[in-house]
Amino acid sequence: MAVAVVHSRALSGVTAPGVTVEVHLAGGLPGVHIVGLAETEVREARDRVRAALQNAQFEFPARKVTVSLAPADLPKESGRFDLPIAVGILAATGQLPQDKLDSYEFAGELALTGELRAIRGALPMVLSARHDGRAFVLPQASAGEAALVRDAAVIPAPTLLAVCAHLTGATMLPPLAAQPPPGDVPDGPDLADVRGQRLVKRALEIAAAGGHSLLLIGPPGTGKSMLAQRLPPLLPPMTEEDALESAAIASLAGSFRIERWRIRPFRAPHHTASGVALVGGGGVPRPGEISLAHHGVLFLDELPEWDRHVLEVLREPLESGVIHVSRAARQSVFPAQFQLVAAMNPCPCGWLGHASGRCTCTPDQVRRYRRRVSGALYDRIDMAIEVPAVDAAEMTSSPPSSGGGDATATVRGRVARAHARQIERQGTPNARLASAEAERHCGTSVDARRLLAQAMSRLALSARGYSRVVKVARTIADLAESEGIDAAHVAEAIGYRSDPACA
Ligand SMILES: [Zn+2]
């Protein structure tokens, strides 16, 4: 039969819809016509496939070859379809048996020599394919990440020839056993290396325990970014599903490394980053920094220096945990459930409030500087804390202690227990509670409620700000292993509400 059908996958956001590659041979002028790919990509795929087939000593048909990739309206990058197209041509010309094709999916870019090159997105493809019952043939370099999916059959192949030998039954390629490495080892700098800054460390512990967003306000050189880097290792262990989601996004960006399996991402884009770099986009939409930070930490330093319009875009993912990226008529959805840590100087020169009195800014300059952080974004930050000026060199000069009350491993244990209480009580971290749920789950005492009412009028809290104080107080109570929220928990939570816009 001069027709062959081969299964493969395209990428759309973080999912990978199935694509069928049909190859049809007919009389007429010899040539290859590919339908369902953009024009330049057609040319590239055609040339690579032809060279690879000839270099592998196969016969390239001297007939009219039509290749159709369906559905036609999915965006398709050409590289990944080289292997299914080549297999389809060989099957349609009778150089490969067709009977087993339906048991497999194929993806891989061909080098001109017939070697298979890594493709991006192997992990999300296998995640989408895992319940379809077909084995997935992938380039060797892409198979490792795909084998993280437990219930998937992944077959790594070095070359087109090896794939053919497998399909003819001459030399079977062994499937790669799914064996996710244990992971779950806190990785990164230790909290115990930081001298002093007791209040900031406490704020990091609370933020980690409840999943709260955090704003650090302090002069330059106080180690704000150094402190932020110590947050991810404090966070509760990742579940396997969460780890797969994070890894799938890194795979889409072509940046997945197996050593990072089950380690929470930390992304720190520069304030000159474009909107596309931050939220994602491009011809075939790729994830941005906020999605690469999924289930991890997004650190935005120099917050007032960021373009306001870029920051406004963060409102959607901060509320919903996803981002919609539009490109022409097509919309892609990427998960973006990150924990936001932002940092800023207290004033344009950075020295406001410092004992040395070095600050030369006028009150008006300070106000304008702080207003650059949009109120709408600030309203979505749970905790703000002043980082006092300590010389950064001095802060890290002491030898790292181990096993102390503020060592990362110790704090991580307290965080994990507080997190487990939240999951048991309400199925989600405190920071992600809707306001109505917060009222139901928080159980505030009479004293605590009185204190909250006072704070509401004294600090002129918005309804959002009020519910944030309640949720942070709930986390403080969880760390104290307390059923209800007491006045002391509320008092501490109110302390993390210093508004940079009215200092
Ligand atoms: Zn100043």
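Keep in mind the model is a prediction, meaning the values are calculated, not measured.

K.L.:
Describe the packing of aromatic side chains, naming the residues involved and giving the relevant values.
P.N.:
Tallying each qualifying case throughout the model produces 2 aromatic pairs. Geometrically, the ring pair formed by Tyr 104 and Phe 106 is tilted, given 6.0 Å between the ring centres and 45 degrees between the ring planes. With respect to burial, Tyr 104 and Phe 106 carry one shared label: buried. Taking 6.1 Å as the distance between ring centres and 20 degrees as the angle between the ring planes, the aromatic pair formed by Phe 266 and Phe 299 counts as stacked.

K.L.:
Please provide a residue-by-residue account of the coordination of the zinc ion, values included.
P.N.:
Surrounding the zinc ion are the protein donor atoms Cys 347 (SG), Cys 349 (SG), Cys 359 (SG) and Cys 361 (SG), at 2.2 to 2.4 Å. Coordination at the zinc ion is tetrahedral, judged from the 4 donor atoms that bind it and the angles of 105 to 113 degrees they form at the metal.

K.L.:
If you had to explain helix 18 (residues 446-458) to someone new, which residues and values would you point to?
P.N.:
For helix 18, which comprises 13 residues, the first-to-last C-alpha distance of 19 Å matches the rise-based estimate of 18 Å (1.5 Å per residue) to within 8%. Listed in full, the buried residues belonging to helix 18 are Ala 448, Leu 452 and Ala 455. Down the axis of helix 18, the smallest arc covering the buried residues is 65 degrees, so these residues share one side. For helix 18, the exposed residues set more than 90 degrees away from the buried face come down to Val 446, Ser 457 and Arg 458. Following helix 18 by one or two positions, Ala 460 has its phi on the positive side, about 50 degrees.

K.L.:
Break down the layout of surface pockets for me, with residues and values.
P.N.:
To find leftover empty space, a probe the size of one water molecule is rolled over the atoms. Reported here for the largest pocket is a volume of approximately 800 Å³. Gly 211, Gln 337, Pro 429, Ala 431 and Arg 432 are the residues nearest the centre of the largest pocket, which is lined by 38 residues in total. The set of elements that each furnish at least two residues to the lining of the largest pocket consists of helix 6 (198-210), helix 12 (315-320), strand 17 (339-344), helix 16 (408-426) and helix 19 (463-479). Looking at the lining of the largest pocket, the element that brings in the most residues is helix 19, giving 4 residues. Taken together, the residues of the lining of the largest pocket break down into 16 nonpolar, 13 polar and 9 charged. For the second largest pocket, the calculated volume is near 370 Å³.

K.L.:
A description of empty space enclosed by the protein should follow, citing residues and the corresponding values.
P.N.:
Evaluation of the coordinates by the stated rule reveals 2 cavities of 30 Å³ or more. Roughly 80 Å³ of volume is contained in the largest cavity. Leu 11, Ser 12, Gly 13, Val 284 and Pro 285 are the residues nearest the centre of the largest cavity, which is lined by 13 residues in total. At the level of elements, strand 13 (286-287) and strand 16 (330-335) are the ones that each hand at least two residues to the lining of the largest cavity. Element by element, the count of residues in the lining of the largest cavity is highest for strand 16, at 3 residues. Reported here for the second largest cavity is a volume of approximately 30 Å³. Class assignment of the residues belonging to the lining of the second largest cavity gives a composition of 5 nonpolar, no polar and 3 charged.

K.L.:
Kindly report on the side chain of Ser 291, identifying the contributing residues and their values.
P.N.:
Mapped onto the fold, Ser 291 is located in helix 10 (residues 289-292). A distance of 2.9 Å separates a polar side-chain atom of Ser 291 from the backbone oxygen of Pro 335. With residues near it in sequence (within four places) discarded, Ser 291 still touches Ile 249, Ile 323, Phe 334, Pro 335 and Ala 336.

K.L.:
Mind laying out the confidence of the model for the protein, listing which residues take part and the relevant values?
P.N.:
Interpretation of the predicted coordinates at a detailed level should be avoided for regions scoring low in pLDDT. When pLDDT is averaged along the protein, the result is 88, and 92% of the positions lie at 70 or above. Predicted confidence in the protein is weakest over helix 15 (residues 392-395), with a mean pLDDT of 55, and strongest over strand 5 (residues 104-106), with 97.

K.L.:
Summarise the sheet that holds strand 10 (residues 214-217); cite the residues concerned and give the values.
P.N.:
Here 5 strands make up an open sheet; going across it, the order is 11-14-17-10-18 and the pairing parallel. Strands at the two margins of the open sheet, each flanked by one partner only, are strand 11 (266-267) and strand 18 (383-386). As paired elements, strand 14 (residues 297-300) and strand 17 share 4 bridges and run parallel to each other. Within the sheet, the bridge partner assigned to Leu 300 lies in strand 17 and is Ala 342. Contacting strand 10, strand 17 and strand 18, helix 6 crosses the sheet at an angle of about 165 degrees to strand 18.

Calculation rules
Residues numbered from 1 in each chain as written. Predicted model: local features only at pLDDT ≥ 70, side-chain atom pairs only at ≥ 80, totals over all residues. Heavy atoms only, no water. Phe/Tyr/Trp six-rings, centres within 6.5 Å; stacked < 30°, edge-to-face > 60°. Buried < 20%, exposed > 50% of the residue type's maximum accessible area, 1.4 Å probe, protein only. Donors = N, O, S within 2.8 Å, 3.2 Å for Na, K, Ca; no water. Tetrahedral: all angles 85-135°; square planar, octahedral: opposite > 155°, others 65-115°. Helix = DSSP H or I, 4+ residues; strand = E, 2+ residues; numbered from the N terminus. Expected span 1.5 Å × (residues − 1). Arc of directions from axis to C-beta. 1 Å grid on protein atoms, 1.4 Å probe; cavity = no way out; pocket = protein on both sides within 12 Å on 5 of 7 lines; lining within 4 Å. Points joined across faces, edges and corners; volume = space filled by probe spheres on them. Nonpolar A, V, L, I, M, F, W, Y, C, P; charged D, E, K, R; others polar. Polar contact = N/O pair within 3.5 Å; in protein donor to acceptor, adjacent residues only side chain to side chain. Contact = heavy atoms within 4.5 Å. pLDDT = per-residue confidence, 0-100. Pairing = 2+ DSSP bridges. Axes fitted to C-alpha atoms, helices over the stretch in contact; angles between N-to-C directions.

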